[in-house]
Amino acid sequence: GYWNLIRPNVFQAGKELQEAAKQALNYSRTDIAIDCIYALLHEKESIPVELATHALADHLRQTGHNRQVDSHHILEVLHFIQSFPEAPEEIVCDIEFNYLAILDRLSNGRPLFLERKLAKDPAFFQKIIAYCFRSEHREKKEVSQPGTTQEQQLTTEPDDSEKSLAHQSYLLLDAWSIPPGTDVNNSTINEDLFATWFADAKTLCQISGHWQIAMQQIGQCLVKVPHGFDEKGLKQAMHRLEQLLQY
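Residues numbered from 1 in each chain as written. Predicted model: local features only at pLDDT ≥ 70, side-chain atom pairs only at ≥ 80, totals over all residues. Heavy atoms only, no water.

> In this structure, what is going on with the overall build of the protein? I would like to understand it.
For the protein, the count of helices and strands is 14 helices and two strands. Taken across its 247 residues, the protein has 42% of its residues classed as buried. In the protein, the proportion of contacts linking residues at least 24 apart, taken out of those at least 6 apart, comes to 73%. Here the protein displays about 14,300 Å² of accessible surface, and carbon together with sulfur accounts for 51% of that area. (Helix = DSSP H or I, 4+ residues; strand = E, 2+ residues; numbered from the N terminus. Buried < 20%, exposed > 50% of the residue type's maximum accessible area, 1.4 Å probe, protein only. Contact = heavy atoms within 4.5 Å. Areas by Shrake-Rupley, 256 points an atom, 1.4 Å probe, with all protein chains shown as cover.)

> What exactly am I supposed to notice about the environment of L100 here?
One can find L100 in the loop between α6 (89-98) and α7 (112-120). On the accessibility criterion, L100 (4% relative accessible area) is buried. In sequence terms L100 and P111 are eleven residues apart; their C-alpha atoms lie 7.0 Å from each other.

> How should I be thinking about unusual backbone geometry in this particular structure?
Excluding glycine, a negative phi dihedral is what most residues carry, and trans is how most peptide bonds are arranged. Look at K44: it is not a glycine, yet its phi comes out positive at around 60°. Among the secondary structure elements, K44 is positioned in the loop between α3 (30-42) and α4 (49-61). For K44, a relative accessible area of 74% puts it in the exposed group.

> Is there a simple way to think about the pattern of salt bridges in this case?
Where charged atoms from two side chains of opposite charge come close, those side chains can pair. Taken as a whole, this structure holds four salt bridges when the rule is applied. One salt bridge in this structure joins D58 and R61, with 2.3 Å as the shortest N-O distance. Here D58 and its partner R61 are both found in helix α4, three residues apart, which amounts to about one turn of the helix. Take R61: its relative accessible area is 63%, and that puts it in the exposed class. E115 is the partner of R110 in a salt bridge, and the nearest nitrogen-oxygen pair spans 2.9 Å. (Salt bridge = Lys/Arg side-chain N within 4 Å of Asp/Glu carboxyl O.)

> Would you mind going over the environment of N185 with me for this structure?
Looking at where N185 falls in the secondary structure, it is placed in the loop between β1 (182-183) and β2 (188-189). Residues N185 and P85 lie 100 residues apart in sequence; the distance between their C-alpha atoms is 9.1 Å.

> When you look at the nonpolar core in this model, what are you seeing that I'm missing?
In summary, soluble globular proteins display a tendency toward joint burial of nonpolar side chains. Ranked by size, the top nonpolar core spans 67 residues in total, and within it I37, L56, I81, F125 and W176 carry the most contacts. Beyond its immediate stretch of four places on either side in the chain, I37 contacts A21, I47, L51, A52, A55 and V77. (Core = buried A, V, L, I, M, F, W, Y, C linked by side-chain atoms within 4.5 Å.)

> Explanation requested: the packing of aromatic side chains in the structure shown.
Any aromatic ring pair is given by two values, namely how distant the centres are and how the planes are angled relative to each other. A full pass over the atoms with the stated rule returns seven aromatic pairs. Seen in terms of ring centroids, F198 and W211 are 5.3 Å apart; in terms of plane orientation they differ by 75°. Their pairing is edge-to-face. Taken as a pair, F198 in helix α12 (residues 191-208) and W211 in helix α13 (residues 211-223) lie far apart in primary sequence, 13 residues in all. Using a relative accessible area of 7% as the deciding quantity, one classes W211 as buried. (Phe/Tyr/Trp six-rings, centres within 6.5 Å; stacked < 30°, edge-to-face > 60°.)

> Which parts of the structure should I look at to understand the confidence of the model for the protein?
Low-pLDDT stretches of the model should not have their predicted coordinates read in fine detail. Predicted confidence across the protein gives a mean pLDDT of 85, with 85% of residues reaching 70 or more. Averaged over each element, pLDDT in the protein is lowest for helix α10 (residues 150-155) (44) and highest for helix α8 (residues 122-132) (97). In the model, residues 143-155 has pLDDT below 50 throughout and makes one contact with residues more than four positions away in sequence or in other chains. (pLDDT = per-residue confidence, 0-100.)

> What exactly am I supposed to notice about α4 here?
Owing to its 3.6 residues per turn, the α-helix brings residues three or four apart onto one side. Relative to the 18 Å expected for 13 residues at 1.5 Å per residue, α4 spans 19 Å between its end C-alpha atoms, a close match to the ideal helical length. With ten of 13 residues buried, α4 lies mostly within the body of the structure. The set of residues buried in α4 consists of V49, L51, A52, T53, A55, L56, A57, D58, H59 and L60. On the buried face of α4, the contacting elements are α2 (17-26), α3, α5 (71-82) and α6. (Expected span 1.5 Å × (residues − 1).)

What follows is the structure in C-alpha cells.
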C-alpha cells in the first residue's frame, strides 16, 4: 500500500510534521515517524514526549521488518526523551539498552535512565552483573568436578541471545558513571543511601557468586564520575566504601 512505498522528505511537511509522525506510527512506518520527530526537534517545535517514546519503542519491536533510520536521528530523539525525568522509566530503559552501541562517548550519548537505575536499584545492578560475568560458585563447582563430559560442557555454553545480553550488559557497566546513592533530583550523593545500596548489593551478589567482580565495577563507576560532580559527596562515598570493604 501507499505507506509501504513512500519515502518522503520530512522537511517539506511544514506544520503537519507532528500529524505525519502520528499517521506513520499508525501504519507501522516508525522510520518516517522518527525522521518527522527529528525534523520537529531541528525546527525547535514542541513535541509530546509520549510521541517520541512511542516511536522509538515501536521501532525496536519492528526492526526486523522495517527500514533503517539514521543513528543520529535516533540519538537526537532519545536525547529529547531523556530530558524528561518523568518519562516512563521502564520503556526508556528498554530503548537505551537496545541502543547502547550508539550511546557512547564519541556520540555524546549516555544511557541516563539505565545509569540512574543502577545507582538506585541494587537488584538491577546484580542482575546486570550476572548477565555478563560467570558466578564464582559455578567456577568452584567446575573445579571440584573435573570429570564433566564434553556433552555436559556444551550445554553450559551460552546461546546467541545470552551472548547478546551479556554484551549489552557489559556496555552498560562500561558506561555507568552515576554513583550508587545519588539523588537524581540534585545530583548529590547521599552517604546513607550509598551505604544501604552497598549492603543490599553485597548480599545479593554474594548469594549469586558475583561479589568480587561487583566490587570492581562499583570502584570503576566511582572513578568515572564526571568532573565537578558533588566532589565532597564522592570523597565521603569513597571513604565509606573503604570502611564497608573491611567488613
